[in-house]
Amino acid sequence: MENFHELLMQRRSIRKYTEDEIPAEDVKLILEAALVAPTSKNSRPWYFVTVEDKKVLEELSKCKEFGAGSIAKCSLAIVVLVDPMKSEAWIEDAAVAATFVQLQAEDLGIGSCWVQIRGRMRDDEESSDDYVKALLSIPPEMQVECIISLGQKGEERKPFNPEKMLWERVHIGEWRPQE
Ligand SMILES: Cc1cc2nc3c(=O)[nH]c(=O)nc-3n(C[C@H](O)[C@H](O)[C@H](O)COP(=O)(O)O)c2cc1C
């Protein structure tokens, strides 16, 4: 896409994908985007695990009861994890990298959805974080922030409507209580 603002207005979470693969060169660009994301004190505390194996994707989609369905039929999942010892701002660092992944994907016409892992439970006993770590042999000291499911778009979503922006959330110069 030529215009960055247009890209932002068009990006929507895509949870349904076609069977078409993501070309290897696009996967490389998406990972490159993650690796240039800014981090606190340039700590770069993140790691990324890519998963394309259908069976493993199916298992990953069981990481929580609701909200992980997009992983089951995606072509690629990028698990965004962090070593929290490397940065006190690790949540923000991970979130920025995940956002870069989504924006780069959108620029390539690839659909994506954020699946939250940090702070979520798989069931009464196991956290989603522990489940994902066990499935992918991720060391216990790591924290999984989220999984980004990616694939060629299998659904159409309306772009944002500029008429419906939440401008009341913007306070100019100082906070002014809303009437
Ligand atoms: C921090 C965060 C956590 C999210 N967690 C999930 C999730 O677990 N499952 C899911 O399907 N979507 C998840 N989403 C996607 C949101 O539901 C989506 O961005 C929101 O509904 C707005 O829709 P849009 O992305 O199409 O603009 C998450 C998004 C963010 C930023």
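These remarks concern the structure in this document.

Rules used throughout
- One numbering rule holds for all chains: residues counted from 1, following each sequence as written.
- Only residues with pLDDT of at least 70 get local features here, since the model is predicted, and only at 80 or more are side-chain atom pairs given and counted; chain-wide, interface and lining totals rely on the full set of residues.
- Processing note: side-chain calculations cover all non-hydrogen atoms of the structure and skip hydrogens and water entirely.
- For salt bridges, the criterion is a side-chain nitrogen of Lys or Arg within 4 Å of an Asp or Glu carboxyl oxygen.
- Burial here depends on accessible area, computed with a 1.4 Å probe over protein chains only, as a share of the maximum for the residue type. Under 20% is buried, over 50% is exposed, and the range in between is partly exposed.
- Secondary structure counts use DSSP, requiring at least four H or I residues in a row for a helix and at least two E residues in a row for a strand, with both numbered from the N terminus.
- The convention is simple: Lys and Arg are positive, Asp and Glu are negative, and His and the chain ends are not counted.
- For this analysis, a polar contact is any N or O atom pair within 3.5 Å, provided that within protein one partner can donate a hydrogen and the other can accept it, and provided that sequence-adjacent residues contribute only side-chain to side-chain pairs.
- The contact criterion used is simple: two residues touch if any of their non-hydrogen atoms lie within 4.5 Å.
- Comment: axis = line fitted to C-alpha atoms, over the contacting stretch for helices; angle = value between 0 and 180 degrees taken between N-to-C directions.
- Here a crossing is taken to be left-handed if its near helix is turned anticlockwise relative to the far helix by less than a right angle, and right-handed if that turn runs clockwise.
- The residue classification treats Ala, Val, Leu, Ile, Met, Phe, Trp, Tyr, Cys and Pro as nonpolar and Asp, Glu, Lys and Arg as charged. All others, Gly included, are polar.
- Nearness here has a simple test: a residue counts as near a molecule or strand if at least one of its heavy atoms is within 4 Å of that partner.
- In these tables, accessible area is a Shrake-Rupley quantity obtained with a 1.4 Å probe, and a residue counts as shielded only by the protein chains included in the view.

**Quick word on the pattern of salt bridges**
This structure, assessed with the given rule, holds seven salt bridges. Across the salt bridge formed by Glu 126 and Arg 122, the nearest N and O atoms sit 3.6 Å from each other. By relative accessible area, Glu 126 is classed as partly exposed at 25%.

**Some words on the side chain of Asp 83**
Summarising the element assignment, Asp 83 is placed in the loop between strand E2 (76-82) and helix H4 (90-107). Of the side chains bearing the opposite charge, Lys 86 lies closest to the buried Asp 83, which forms no salt bridge; the N-O distance is 4.1 Å. A polar contact is formed between the side chain of Asp 83 and the backbone nitrogen of Met 85, at a distance of 3.0 Å. If we ignore the near neighbours within four places in the chain, the residues touching Asp 83 are Pro 45, Tyr 47 and Met 142.

**Considerations on the environment of Ile 138**
Tracing the chain through its elements places Ile 138 in the loop between helix H5 (128-135) and strand E4 (143-152). For Ile 138, a relative accessible area of 9% puts it in the buried group. Put simply, Ile 138 and Met 85 are 53 residues apart on the chain and 15 Å apart in space, counted from C-alpha to C-alpha. In contact with Ile 138, other than residues within four places in its own chain, are Val 49, Val 79, Leu 81, Val 132, Lys 133 and Val 144.

**Focus on the packing of helix H2 (residues 24-35) against H4**
Two elements in contact, H2 and H4, have axes whose closest approach is 8 Å; the angle formed by their N-to-C orientations is 145°. Once H2 is placed against H4, the crossing between them reads as right-handed. Only Ala 97, Phe 100, Val 101, Gln 104 and Ala 105 of H4 make contact with H2, whose side of the interface consists of Leu 29, Ile 30, Ala 33 and Ala 34. Here the contact of H2 with H4 is composed, by residue class, of eight nonpolar, one polar and no charged.

**What to know about the site of the ligand**
Taken together, Arg 11, Arg 12, Ser 13, Arg 15, Lys 64, Gly 67, Cys 113, Trp 114, Val 115, Gln 116, Arg 157 and Phe 160 make up all the residues around the ligand. Here an oxygen atom of the ligand sits 2.9 Å away from a polar atom, N or O, in the side chain of Arg 12. Within the side chain of Lys 64, one N or O atom sits 2.6 Å away from an oxygen atom of the ligand. Contact with the protein chains covers 61% of the free accessible surface of the ligand, which is 620 Å². Of the residues contributing to the shell around the ligand, the split by class is four nonpolar, three polar and five charged.

**Things to note about the environment of Glu 88**
Here Glu 88 lies in the loop between E2 and H4. On the basis of relative accessibility, which here comes to 62%, the residue Glu 88 falls in the exposed class. Glu 88 sits 47 residues away from Lys 41 along the chain, and the two C-alpha atoms are 9.8 Å apart. Other than its neighbours up to four places away in sequence, Glu 88 contacts Ser 40 and Lys 41. For Glu 88, the side chain forms a polar contact with the side chain of Lys 41, separated by 3.2 Å.

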